[in-house]
Number of protein chains: 2
Amino acid sequence: MHPFASRPADSVSALGETRLIEAIRGWLGPSSPHHPFGIGDDCAVIPASRHRQLVTVDPVIYREHFDDTMSARATGAKLIKRNLSDVAAMGGRPRAAVVALALDPRVKTAWLAGFYQGLAALARRYQVPVVGGDISSLAGGIVATLTLIGEAPHGRVLTRKGARPGDRIYVTGTLGGSLRGHHWRFTPRLAEGAWLAGESSVRALMDVSDGLARDIHALTPAGTLPLLTATNIPVSAAARTLARTSGRTPLQHALGDGEDYELLFAVSGRADAAAFEAKWRRRFRTRLTCIGHFARKSGSHPEGYLDLTAHHGFEHLKA
Amino acid sequence: MHPFASRPADSVSALGETRLIEAIRGWLGPSSPHHPFGIGDDCAVIPASRHRQLVTVDPVIYREHFDDTMSARATGAKLIKRNLSDVAAMGGRPRAAVVALALDPRVKTAWLAGFYQGLAALARRYQVPVVGGDISSLAGGIVATLTLIGEAPHGRVLTRKGARPGDRIYVTGTLGGSLRGHHWRFTPRLAEGAWLAGESSVRALMDVSDGLARDIHALTPAGTLPLLTATNIPVSAAARTLARTSGRTPLQHALGDGEDYELLFAVSGRADAAAFEAKWRRRFRTRLTCIGHFARKSGSHPEGYLDLTAHHGFEHLKA
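Residues numbered from 1 in each chain as written. Chains lettered and ligands numbered in written order. Predicted model: local features only at pLDDT ≥ 70, side-chain atom pairs only at ≥ 80, totals over all residues. Heavy atoms only, no water.

Peer 1: An account of the packing of aromatic side chains is requested, with residue identities and associated values reported.
Peer 2: Considering all chains together, one arrives at 30 aromatic pairs over all chains under this definition. Consider the rings of Phe115 of chain A and Tyr116 of chain A, whose centres lie 5.3 Å apart with planes at 90°: the pair is edge-to-face. Following the ring pairs from residue to residue traces out a cluster consisting of Phe4, Trp27, Tyr62, Phe66, Trp111, Phe115 and Tyr116 of chain A. If you follow Lys81 of chain A out to its NZ or CZ, it ends over the ring of Phe186 of chain A, 4.7 Å from the centre. In this arrangement the basic side chain of Arg106 of chain B is found over the ring face of Phe4 of chain B, its NZ or CZ atom lying 5.6 Å from the centre. (Phe/Tyr/Trp six-rings, centres within 6.5 Å; stacked < 30°, edge-to-face > 60°. Lys NZ or Arg CZ within 6 Å of the ring centre and 35° of its normal.)

Right, here's the structure in full:
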């Protein structure tokens, strides 16, 4: 849906700020808690918790993360799912969200209704109250920024650091479908992330958002190389379809397109891989693939493994 | 400072994302904590706390909240101070901040350095670590959104609700200077807000951000009117200066311009006002003024008091 109204009466400026905030409360429905825990004061209030707190922030920006071909509902859903994926990537669980909107006053009220309804549907599914936010004016654009507060119920947070030489590298799901719609259709791997935080053999965890070729470096311990086997990379059907017309290979799409929102993690090389994988399969239907391991750096790049220097992943600040 | 570079080499796109994040860490200096509590993972981690948590989010947007006449340092300082004022307005204390940047790749690296250095100077003064954030591309614009996590150390949070008929209305500082620079030169009233939360006679609290005439309604209990005496409104010197050329009165500037970032609160009508004010003066040099009280609604607007319907305050979504 094109987000801008041609008639002023259809735009959010016709509503005005006070009625708009009331409308947002309505669109959010049960995801908007009552005072003092929700919208309408200088700050939102969140109950005390004995766990460590997690904080992440990600936006959706018109013409960067969504366009006229994407529905408003899918855009709102994408915004909260991007952030849920970050909480999953620490092994945490989400607690509450705030949404800051910077938008042109000509944005359609109907577009914003769809946006909040899409966001609220996911907020309900993952039990995340939307406790506050802000509305500001931005000429010609839409930037919706969601901050998600989570917590680490296991006491342990799984960071990107902690992998060691010899650790096996795993990835969930399949990679490379973002350009065919996966960038908003994905499922944040919250249950999987929380389970991984409880497994002592799991040493480091992140989500794949800028493409495996780029993101893997953040997980790689100093003095080691990630040795990945090309044939083991779980390439999505969408990446294969795309490759028929894009002039790139399915593997290039899988390694470089970004917005996979799958979990990438390291498991101790001393752990029983078969037992770990069997335990996973008893618990989840989500595909799990061992794509390689971390090896100490030697002189040249070992033959038979993927050379990641040829793949760059997504760069956010292209001029 | 004009934020956009004319030479690509001076822009953030020349740095690229990875080096830009390293640069931001440097500009933040000691306000950027070490892993896992700071920048560089999927989420930031905040230590557990036994207090209720507060969350607020406010942006600064190019051509809305700052322009070429304002320094980059002042812009960064304004961003964190806007949010600190919201935590002050609940009687809380700040804990940690995350910053989401949506910016054109042509933004000057020097502008962004100043922005973060200005933000960091305030973050140090108020002991607020900047624990994470995001960088995304926004063609032609700059939207910097800060989410501030705080907590309520007194157990009590002072919301906007709680005033009763007969309560006295107080405001800190002076009003109406925003158009002459107060919108970024203000001091967030954190110490004052925290002190008010410990005073049982204080029943409701907020900050004045959209102008007193508009904001007072949020504090006003149902079935009452705020009866304000025009001569008691603490009008700033800047509002008087402005009125010489603006075609509006100093009082109009004080009531309607917004961005005062002063505290507005209600004190029980049964409390000893002289004792309360004396206690304040022993503690703070910040000006404190009783500007009126809440009275039960009768038929017509009582004579001798300000008629606020003539003043509208700042509307965020003007078309």
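Peer 1: I'd like a description of the confidence of the model for chain A, backed by residues and values.
Peer 2: The predicted model of chain A has a mean per-residue pLDDT of 94, with 97% of residues at 70 or higher. Confidence metrics for the complex model read pTM 0.95 and ipTM 0.94. (pLDDT = per-residue confidence, 0-100.)

Peer 1: Please set out the pattern of salt bridges residue by residue, giving values where relevant.
Peer 2: One side chain can pair with another of opposite charge once the charged atoms of both are near each other. For the structure on display, the rule yields 30 salt bridges over all chains. We note a salt bridge from Arg82 of chain B to Asp58 of chain B, for which the minimum N-O separation is 3.7 Å. Of this pair, Arg82 of chain B sits in helix H3 (residues 72-88) while Asp58 of chain B sits in strand E2 (residues 53-61), and the two are 24 residues apart along the sequence. Each member of the pair, Arg82 of chain B as well as Asp58 of chain B, carries the same accessibility label: buried. Salt-bridge contacts for Glu262 of chain B lead to Arg189 of chain B; the nearest nitrogen and oxygen are separated by 2.9 Å. Here Arg189 of chain B lies in the loop between helix H5 (182-185) and helix H6 (190-197) and Glu262 of chain B lies in strand E9 (residues 262-267), a separation of 73 residues in the sequence. The pair Glu262 of chain B / Arg189 of chain B is uniform in exposure class, with both members buried. A single salt-bridge network, built from bridges that share partners, covers Glu17 of chain A together with Asp210 and Arg214 of chain B. (Salt bridge = Lys/Arg side-chain N within 4 Å of Asp/Glu carboxyl O. Helix = DSSP H or I, 4+ residues; strand = E, 2+ residues; numbered from the N terminus. Buried < 20%, exposed > 50% of the residue type's maximum accessible area, 1.4 Å probe, protein only.)

Peer 1: An account of the interface of chain B and chain A is needed here, citing residue identities and associated values.
Peer 2: Note: interface size is frequently given as the accessible area lost on complex formation between the parts. With 66 residues of chain B at the contact, the number on the chain A side is 66 residues. Summed over both partners, the interface of chain B with chain A buries about 5,200 Å², with 62% contributed by carbon and sulfur atoms. For the pair chain B and chain A, the interface holds six salt bridges. With a closest N to O distance of 3.0 Å, Asp42 of chain B and Arg160 of chain A form a salt bridge. Our count for the chain B to chain A interface comes out at 13 residue pairs in polar contact (both at pLDDT 80 or more). Element by element, the count of residues in the side of chain B that touches chain A is highest for E2 of chain B, at eight residues. A class-by-class count of the residues in the side of chain B that touches chain A yields 33 nonpolar, 17 polar and 16 charged. (Contact = heavy atoms within 4.5 Å. Buried area = accessible area lost by both parts, 1.4 Å probe. Polar contact = N/O pair within 3.5 Å; in protein donor to acceptor, adjacent residues only side chain to side chain. Nonpolar A, V, L, I, M, F, W, Y, C, P; charged D, E, K, R; others polar.)

Peer 1: So what's going on with helix H6 (residues 190-197) of chain A? Residues and values would help.
Peer 2: All names here are of chain A. In terms of residue burial, H6 counts as a mostly covered element, since six of its eight residues are buried. What H6 keeps buried is the set Leu190, Glu192, Gly193, Trp195, Leu196 and Ala197. Of the surrounding secondary structure, the elements contacted by the buried residues of H6 are helix H3 (72-88), strand E3 (93-103), strand E7 (202-208), strand E9 (262-267) and helix H10 (273-283).

Peer 1: Go over the relation of the copies chain B and chain A with me, naming the residues and quoting the values.
Peer 2: Rotating chain B by 180° and translating it 0.0 Å along the rotation axis places it on chain A, where the RMSD comes to 0.0 Å. Taken together, these values place the two copies in the relation of a two-fold axis. Same-surface contact between copies: 100% of interface residues of chain B are shared with the interface of chain A. (Least-squares fit on C-alpha atoms with pLDDT ≥ 70 in both.)

Peer 1: Outline the side chain of Lys78 of chain A, listing residues and values.
Peer 2: Tracing the sequence through the fold places Lys78 of chain A in helix H3. Setting aside its immediate chain neighbours within four residues, Lys78 of chain A contacts Val60, His65, Met70, His183, Trp184, Glu259 and Tyr261 of chain A.

Peer 1: With reference to specific residues and values, describe the pairing of strand E7 (residues 202-208) of chain B.
Peer 2: Residue and element names in this part refer to chain B. Counting buried residues along E7, seven of its seven residues qualify, which places the element largely inside the surrounding structure. The sheet contact formed by E7 and E9 spans six bridges and is antiparallel. What sits directly across from Ala204, in E9, is Ala266. (Pairing = 2+ DSSP bridges.)

Peer 1: Please set out the sheet that holds strand E8 (residues 224-228) of chain B residue by residue, giving values where relevant.
Peer 2: Residues and elements named next belong to chain B. Read across the open sheet, the five strands follow the order E7-E9-E6-E10-E8; overall the sheet is antiparallel. Of all strands in the sheet, those with a lone pairing partner are E7 and E8, marking the two edges. In this sheet, adjacent strand axes meet at a mean angle of 25° when their direction is disregarded. Sheet contacts for helix H10 (residues 273-283): strand E6 (168-172), E7, E9 and strand E10 (288-296); angle to E6, the most-contacted strand, approximately 15°. (Axes fitted to C-alpha atoms, helices over the stretch in contact; angles between N-to-C directions.)

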